[in-house]
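Secondary and tertiary structure notes
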Amino acid sequence: MPSSFNRMASMASDYNELSLSQSTIWRHAKPLFVKAMSTSSLPSSKLLCRVADLGCATGGNSIAPLVYVSSQLPSVCVMEAILVDLPSNPWTVVASTVTPESIAASQPHRRASTTFVSMIGRTFYEPC
């Protein structure tokens, strides 16, 4: 992809409040997640599951898919959510939106201490 992608404007910090139409896609995408998780063989022993969100914006639309994936993992499994967007993304908003606590909050079997969130500020149109 052309390097002009690196110069894209920064995401507005109020994107979470203004992206309700984008959040409705989860209703259509969830069956794909259900199918993928049901066809995966996850052992009950300790393991690490990494989930990447390419183009996370401010993180508001990342929570539901991450909660779903987390809810399907064995309680001993460590989950790492990797959030990727442009360096100009408002990362402080992402950091306060997508937290281990926000992913684990609705799940009695999941502890925030077994959930990690990483953020990478670079375009996903080029190799990392």
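On a predicted model such as this, the values are computed, not experimentally measured, just so you know.

Details of the overall build of the protein chain
- Helix and strand counts for the protein chain stand at 6 helices and 3 strands.
- Helices and strands appear in the protein chain in the N-to-C order α-α-α-β-α-β-α-α-β.
- When burial is assessed residue by residue, the protein chain has 35% of its 128 residues classed as buried.
- Summarising the internal contacts of the protein chain: among those between residues at least 6 apart in sequence, 83% fall at separations of at least 24.
- Counting only carbon and sulfur atoms, one obtains 61% of the accessible surface of the protein chain, whose full area is about 7500 Å².

Concerning a nonpolar patch on the surface
- Taken together, the side chains of Leu54, Phe124 and Tyr125 make up a nonpolar region of the molecular surface, amounting to roughly 290 Å² of accessible area.
- Within the secondary structure, Leu54 is located in strand β1 (residues 48-54).

Here's the deal with the nonpolar core
- In terms of nonpolar packing, the biggest core is built from 20 residues, with Cys49, Val51, Leu66, Leu73, Met79, Leu83 and Val98 touching the most fellow members.
- If you list the elements that add at least two residues to this core, you get α3 (25-39), β1, α4 (63-72), β2 (78-85) and α5 (91-97).
- If you tally residues by element for this core, the top one is α4, at 5 residues.
- Discounting residues that sit within four places of it in the chain, Leu83 has contacts with Asp53, Cys56, Ser62, Leu66, Trp91, Val94, Val98, Val117, Ser118, Met119 and Ile120.

As for α3
- Compared with the 21 Å implied by 1.5 Å per residue over 15 residues, the 22 Å span of α3 between its first and last C-alpha is a close match.
- Buried within α3 we find Trp26, Ala29 and Met37.

Overview of the packing of aromatic side chains
- Under the defined criterion, the tally for this structure stands at 3 aromatic pairs.
- Here the aromatic residues Trp26, Phe33 and Tyr68 are joined through ring pairs into a cluster of three or more.

Some words on unusual backbone geometry
- Located in the positive-phi region is Ala57, a residue other than glycine, with phi close to 55°.
- Of note, Ala57 is situated in the loop between β1 and α4.
- A relative accessible area of 5% places Ala57 in the buried class.

Here we look at the pairing of β2
- Within β2, 7 of the 8 residues are buried, which leaves it mostly tucked inside the rest of the structure.
- Two strands pair when backbone bridges link them, and β1 and β2 are joined in this way by 7 bridges, in the parallel orientation. Within β2, the position partnered with Asp53 by the bridge is Leu83.
- You can see the chain leave β1, run along α4 and come back into β2, and the turn it takes is right-handed.
- As defined by bridge partners, β2 adjoins strand β3 (residues 115-121) across 7 bridges and the pair is classed as parallel. Pairing of Asp85 across the sheet is with Gly121, part of β3.

Reading guide: rules and limits
- Residues numbered from 1 in each chain as written.
- Predicted model: local features only at pLDDT ≥ 70, side-chain atom pairs only at ≥ 80, totals over all residues.
- Heavy atoms only, no water.
- Helix = DSSP H or I, 4+ residues; strand = E, 2+ residues; numbered from the N terminus.
- Buried < 20%, exposed > 50% of the residue type's maximum accessible area, 1.4 Å probe, protein only.
- Contact = heavy atoms within 4.5 Å.
- Areas by Shrake-Rupley, 256 points an atom, 1.4 Å probe, with all protein chains shown as cover.
- Patch = residues over 30% accessible without salt bridge, like charges linked within 9 Å, V, L, I, M, F, W, Y side chains within 5 Å.
- Salt bridge = Lys/Arg side-chain N within 4 Å of Asp/Glu carboxyl O.
- Core = buried A, V, L, I, M, F, W, Y, C linked by side-chain atoms within 4.5 Å.
- Expected span 1.5 Å × (residues − 1).
- Phe/Tyr/Trp six-rings, centres within 6.5 Å; stacked < 30°, edge-to-face > 60°.
- Pairing = 2+ DSSP bridges.
- Right-handed = clockwise from strand over helix to strand, strands pointing away.

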